[in-house]
Amino acid sequence: MAHVFVAGALVGYGVARARRRARAGGDDAGDVDDAPRATKTDDDAPKKRPIVVYMDGCFDTMHYGHANALRQARACGDKLLVGVVNDAEIRRCKGPPVCDERERVEAVEACKWVDGVITDVPYEVTDAFTDELFAKHEVDYVIHGDDPCLLPDGSDAYAYPKRIGRYKEIKRTEGVSTTDIVGRLLRMGARAAGEEVKEEEAKEATFCTTSARIAQFGTNAGVPTDAKVVYVHGAFDVFNRGHIDLLRQAKTRGDFVLVGVHADAEVRARRGAEHPVLNEKERALSVLACRYADEVVIGAPAMITNDLLTTFNVKVVIAEDDEPYAVGGVDVNALAAERGLYERVPRRHDCSVLGVAKRIMENRAEFEARNARKTKSESAYYAEKKHVAES
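Let me begin by describing the structure that accompanies this report. (Residues numbered from 1 in each chain as written. Predicted model: local features only at pLDDT ≥ 70, side-chain atom pairs only at ≥ 80, totals over all residues. Heavy atoms only, no water.)

1. Some points on the overall build of the chain
Formally: Here a helix means four or more residues in a row that DSSP labels H or I, a strand means two or more in a row labelled E, and each is numbered from the N terminus. Here's how the labels work: a residue is buried when its accessible area is under 20% of the maximum for its type, exposed when over 50%, partly exposed in between, all with a 1.4 Å probe on protein chains only. Contacts are assigned to residue pairs that have any heavy atoms within 4.5 Å of one another. Using the Shrake-Rupley algorithm and a 1.4 Å probe, accessible areas are obtained, with residue cover drawn only from the displayed protein chains.
When you go through the chain residue by residue, the secondary structure sums to 15 helices and 12 strands. Residues classed as buried in the chain amount to 46% of the 391 residues present. Within the chain, residue pairs in contact and separated by at least 24 positions form 77% of the contacts whose partners lie at least 6 positions apart. For the chain, the exposed surface amounts to about 20,000 Å²; the carbon and sulfur share of it is 51%.

2. A closer look at empty space enclosed by the protein
Selection rule: Both cavities and pockets are sets of points on a 1 Å grid over the protein atoms alone; in a cavity a 1.4 Å probe fits but cannot get out, in a pocket the set is open with protein on both sides within 12 Å along at least five of seven lines, and lining residues sit with an atom within 4 Å of a point. Grid points are joined across faces, edges and corners, and a volume is the space filled by probe spheres set on the points. Side-chain classes follow a simple rule in which Ala, Val, Leu, Ile, Met, Phe, Trp, Tyr, Cys and Pro form the nonpolar group, Asp, Glu, Lys and Arg form the charged group, and the remainder, Gly included, forms the polar group.
Applying the stated criterion to the full structure yields two cavities of 30 Å³ or more. A volume near 100 Å³ is recorded for the largest cavity. In the lining of the largest cavity, the residues fall into 11 nonpolar, two polar and no charged. Size it by volume and the second largest cavity reaches roughly 30 Å³.

3. Observations concerning the pairing of strand 7 (residues 256-262)
The condition that has to hold: By convention, orient the strands away from the viewer: a clockwise path from the first strand over the helix to the second makes the crossover right-handed. Only strands that DSSP links by at least two bridges are regarded as paired with each other.
The buried count for strand 7 comes to seven of seven residues, which makes it a mostly enclosed element. Where burial is concerned, the two faces of strand 7 agree: the one with Phe-256, Leu-258, Gly-260 and His-262 and the one with Val-257, Val-259 and Val-261 are both buried. Viewed along the sheet, the connection from strand 6 (residues 229-234) through helix 9 (residues 241-251) into strand 7 turns out right-handed. Inspection of the sheet shows strand 7 paired to strand 8 (residues 295-300) by five bridges, in the parallel sense. The residue of strand 8 that forms the bridge with Val-259 is Val-296.

4. Here we look at the layout of surface pockets
The rolling of a water-molecule-sized probe over the atoms marks out the regions of remaining empty space. Considered as a void within the structure, the largest pocket measures approximately 1,400 Å³ in volume. Looking at the largest pocket, it is lined by 43 residues, and the ones nearest its centre are Lys-94, Tyr-123, His-144, Asp-147 and Lys-374. Among the secondary structure elements, those contributing two or more residues to the lining of the largest pocket are strand 1 (52-57), helix 2 (64-75), helix 3 (87-93), strand 4 (141-145), helix 7 (178-192) and helix 15 (364-384). For the lining of the largest pocket, the per-class residue count stands at 19 nonpolar, 12 polar and 12 charged.

5. Quick look at the pattern of salt bridges
For clarity, the cut-off: The term salt bridge refers to a side-chain nitrogen of Lys or Arg lying within 4 Å of a carboxyl oxygen of Asp or Glu.
What the rule picks out here adds up to 21 salt bridges. With its nearest N and O atoms 2.8 Å apart, the salt bridge here joins Arg-241 to Glu-106. With a gap of 135 residues between them, Arg-241 in helix 9 and Glu-106 in helix 4 (residues 101-109) connect regions that are remote in the sequence. Exposure remark for Arg-241: the relative accessible area of 15% places this residue in the buried category. Salt-bridge contacts for Asp-245 lead to Arg-248; the nearest nitrogen and oxygen are separated by 3.2 Å. With Asp-245 and Arg-248 both in helix 9 and three residues apart, the pair spans about one turn of that helix. For Arg-248, a relative accessible area of 25% puts it in the partly exposed group. By sharing partners, the salt bridges in this structure join Glu-106, Arg-241, Asp-245, Arg-248 and Arg-348 into a single network.

6. Re the state of the cysteines
Heads up, the rule is: By convention in this document, the label disulfide applies to cysteine sulfur atom pairs within 2.5 Å.
Here the structure, examined in full by the defined rule, presents zero disulfides. As a non-bridged cysteine, Cys-93 has Cys-58 as the owner of its nearest cysteine sulfur, 8.3 Å distant. By relative accessible area, which is 30% here, Cys-93 ends up partly exposed.

7. Quick word on the packing of helix 7 against helix 14 (residues 353-362)
Heads up, the condition is: Axis definition: a line fitted to C-alpha atoms, over the contacting stretch in the case of helices. Angles run 0 to 180 degrees between N-to-C directions. Here is the rule for angles: anything less than 35 degrees is roughly parallel, anything more than 145 is roughly antiparallel, 65 through 115 is roughly perpendicular, and the remaining ranges are oblique.
For the pair helix 7 and helix 14, the least separation of the axes is 9 Å and the interaxial angle reads 90°. By the angle class used here, helix 7 and helix 14 are roughly perpendicular. Taken together, the residues of helix 14 that come into contact with helix 7 (itself represented by Val-182, Leu-185, Leu-186, Met-188, Gly-189 and Ala-190) are Val-353, Leu-354, Val-356, Ala-357, Ile-360 and Met-361. Across the contact of helix 7 with helix 14, the residue classes tally to 11 nonpolar, one polar and no charged.

Take a look at the structure:
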């Protein structure tokens, strides 16, 4: 514990000492030394090194379950480093990824709880690689979810850091996974091809959004009174590189990015009965996890209104340049354009859910086989799982 010495007490001690020496006839008799003494404060204490934690994964079709894992991991330390498994390793161990390594790295970098990314990491967490994390990257703890992670020989992938006391476990986010999302997209693709999908296969997601979860992802700060608020709205379904780039561009136009996530009924009316893949709360959480978004309007109206612009003091409305969108024959951004608040930005990456679904359908047999295996292991996890407190 740091000790703080009060200057007044030191001066008092100096006066008493001088008086004693004066009575004893010392050299400094009659000379009272009441010059200020040096004091110690907490600033003089040794600086504490931040606790560095590490978590890795494939982070394919990066979703709010991944983001919640990273949020929990970050809460286990002061700095979070995230390892992203390369494409070749994923193909070798799991099959083709939906998103390539560049896209997956960009998605992780955009997560607001991530402090740094380590690329090209192996799928298998070996003792040698773990030692490299400790020595080269100064990692203190390795983090993983409460679902089992086994090496090809059946052994625990995290046995080493567990054995030496440098492992921490977090709670898996239930109701969503890459397997689940790929399954939803496979069903969408099958229906689009005219196939009949069995009702039990088209079940709704089991994720239940709570107010606590929204609070964990959100911010306690409201819109600053003097901020230049930029508003961007859309479906943001199956959050991906295109969405990240749109929000990044919005961030350069002002101080505060407010994102309107359209209601499920609105997305369905515009794009068809198979949309959206994720419900509005799931989509909102993915947006909230992005470092370029400051706040989200869940279930936002498609049409820009005077009430919306006034309530949030919006100064700029952003839309991509190749996305005309009308309701009842009226451009949804017409009012913003009329007031000189409307600005188009280039679409540099495809962010459509159909584009993601197309990738999956191109490798349909492999994804269906993998999903069948993963669904069994996930069912076993839910059957045997125990309670783990969430960070």
